[in-house]
Amino acid sequence: MLLKDFKTYFEKELSDLFNLEEVRHFFYILIEDLLNENRFVLAVKRDYTLSAHHLTAFKNALKDLKKKAPIQYITGVAHFGDLTLKVNESVLIPRPETLELIAYIKDSFKNSPPKTILDIGTGSGCISIALSQAFPHASITAMDVSEKALVVARENAQKYKSTIKWTLKNILSEKSLDQKYDLIVSNPPYVRALEKIEMSKNVLEYEPELALFVTDKEPLIFYKKISELAFDFLSEDGLLFFEINEYLGNETTTLIEKIGFKKIVLKQDMYLKNRLIMAKVTA
Ligand SMILES: C[S@@+](CC[C@H](N)C(=O)[O-])C[C@H]1O[C@@H](n2cnc3c(N)ncnc32)[C@H](O)[C@@H]1O
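Not measured: the values here are computed from a predicted model.

Observations concerning the domain arrangement of the protein chain
- Splitting the protein chain by domain gives domain 1 (3–67) and domain 2 (78–280).
- Between the C-alpha centres of domain 1 and domain 2 the distance comes to 34 Å.

Written as structure tokens, this is what we have:
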């Protein structure tokens, strides 16, 4: 079947579920991630024919899109800045906001790169791998409570030749850290059950609960635990970075302040939502 003919069929089949712009975006992603071709192949090679193998893959993708599966789980690939990472339903799909966290960290350490880094709740490994590229001499430890997530993260790190120490731990039951760190970073679970109502089906039904949710009663449980540990285990001039719940910027800042941090910066993301926090033990 010609690729251009499948596109027509694909657009028609999904027209009731998504707007045309979204459908075309999905199709271009499939061209890039399943065919390994540039999206312009459609314009340049009008007679591009899908092999039987690729036609099956495109048909399966269409079936999964109808069930509202995220395109990244369908292709098995998520793009995170310059990185192309493997993802599956054991790991959160890296978000653009997290790229802003990386940019903020890089900027904060531009004069003196961190030598030791701890990434808590590493998921796909996106933060650790991006930081290993930014700070190639740093020794990086990445932690997650999910063994399956660490399998994916390890594979991603191997692809980019990032040397990272992986550790399978539940941060909430840790009484201390193994050493002092120049940089502690975390994008922990922060979505409250009450926010489920505003979430789309593709997130709720496919992305790992373990990566997303906290209870309404203790929404800042991870921020409290990680900040307490960081207060004792950041090296002098070390920095703590969080991605946070946009609705809890002030509460999270107050919590970190109470733990004793002297310098705290709350930053907005590109959508002007409170999203990032940087904290330092001394002013
Ligand atoms: C919001 S996801 C972030 C994943 C990745 N760092 C990112 O930015 O895309 C949170 C991660 O924390 C992990 N996690 C959840 N509870 C944890 C715990 N108690 N201890 C350590 N990691 C935990 C989840 O498995 C998940 O990978």
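Structural notes on the pattern of salt bridges
- Tallied over the full model, the rule gives 18 salt bridges.
- A salt bridge links arginine 24 to glutamate 11; its shortest N-O distance comes to 2.9 Å. Of the two residues, arginine 24 sits in helix α2 (residues 20–34) while glutamate 11 sits in helix α1 (residues 3–14), which places them 13 residues apart along the sequence.
- Two residues, lysine 66 and glutamate 13, come together in a salt bridge whose shortest N-O distance is 2.5 Å.

Let's talk about the site of the ligand
- Taken together, 21 residues lie around the ligand, and Gly121, Asp144, Asn170, Ile171 and Asn187 are the ones closest in.
- Threonine 122 is positioned with one of its backbone polar atoms (N or O) 3.3 Å from a nitrogen atom of the ligand.
- Within the side chain of aspartate 144, a nitrogen or oxygen atom sits 2.7 Å from an oxygen atom of the ligand.
- Contact with the protein chains removes 96% of the 600 Å² of surface that the ligand exposes when unbound.
- Split by residue class, the shell around the ligand holds 12 nonpolar, seven polar and two charged.

Points about the environment of glutamate 246
- Within the secondary structure, glutamate 246 is located in the loop between β9 (234–243) and α12 (249–259).
- Here the side chain of glutamate 246 touches tyrosine 247 through a polar contact of 3.5 Å, side chain to side chain.
- Only 3.1 Å separates the side chain of glutamate 246 from the side chain of arginine 275, close enough to count as a polar contact.

Some words on the pairing of strand β2 (residues 83–86)
- Going residue by residue along β2, you find Leu83 and Leu85 tucked away on one face and Thr84 and Lys86 left uncovered on the opposite face.
- Between strand β1 (residues 77–80) and β2, which follow one another and run antiparallel, lie two residues, and glycine 81 among them has a positive phi close to 60°.

A closer look at the layout of surface pockets
- A volume near 210 Å³ is recorded for the second largest pocket.
- As for the second largest pocket, its lining consists of 13 residues, and the residues nearest its centre are His25, Ile29, Gln72, Ala78 and His79.
- Only α2, α5 (71–75) and β1 provide two or more residues apiece to the lining of the second largest pocket.
- Ranked by residue count, the leading element in the lining of the second largest pocket is α2, at four residues.
- Tallied by class, residues from the lining of the second largest pocket come to six nonpolar, four polar and three charged.

So, the environment of lysine 165
- Position of lysine 165 relative to the elements: it lies in strand β5 (residues 164–168).
- In this structure lysine 165 comes out as partly exposed when scored by relative accessible area, which is 46%.
- Considered as a pair, lysine 165 and isoleucine 140 are 25 residues apart in the sequence and their alpha carbons are 6.2 Å apart.
- Dropping the residues within four chain positions of it, lysine 165 is found in contact with Ile140, Thr141, Ala142 and Asp178.

Some details on α12
- Buried within α12 we find Gly249, Thr252, Thr253, Leu255, Ile256 and Ile259. Looking straight down α12, one finds its buried side chains confined to an arc of 160°; they lie on one side. Turned more than 90 degrees away from the buried face of α12, the exposed residues are Asn250 and Lys258.
- On its buried face, α12 is in contact with α11 (221–233), β9, β10 (263–268) and β11 (274–280).
- Backbone geometry just downstream of α12 places glycine 260 in the positive-phi region, at approximately 125°.

Definitions and limits used
Residues numbered from 1 in each chain as written. Predicted model: local features only at pLDDT ≥ 70, side-chain atom pairs only at ≥ 80, totals over all residues. Heavy atoms only, no water. Domains from an automatic or database assignment. Salt bridge = Lys/Arg side-chain N within 4 Å of Asp/Glu carboxyl O. Helix = DSSP H or I, 4+ residues; strand = E, 2+ residues; numbered from the N terminus. Near = heavy atom within 4 Å. Polar contact = N/O pair within 3.5 Å; in protein donor to acceptor, adjacent residues only side chain to side chain. Areas by Shrake-Rupley, 256 points an atom, 1.4 Å probe, with all protein chains shown as cover. Nonpolar A, V, L, I, M, F, W, Y, C, P; charged D, E, K, R; others polar. Buried < 20%, exposed > 50% of the residue type's maximum accessible area, 1.4 Å probe, protein only. Pairing = 2+ DSSP bridges. 1 Å grid on protein atoms, 1.4 Å probe; cavity = no way out; pocket = protein on both sides within 12 Å on 5 of 7 lines; lining within 4 Å. Points joined across faces, edges and corners; volume = space filled by probe spheres on them. Contact = heavy atoms within 4.5 Å. Arc of directions from axis to C-beta.

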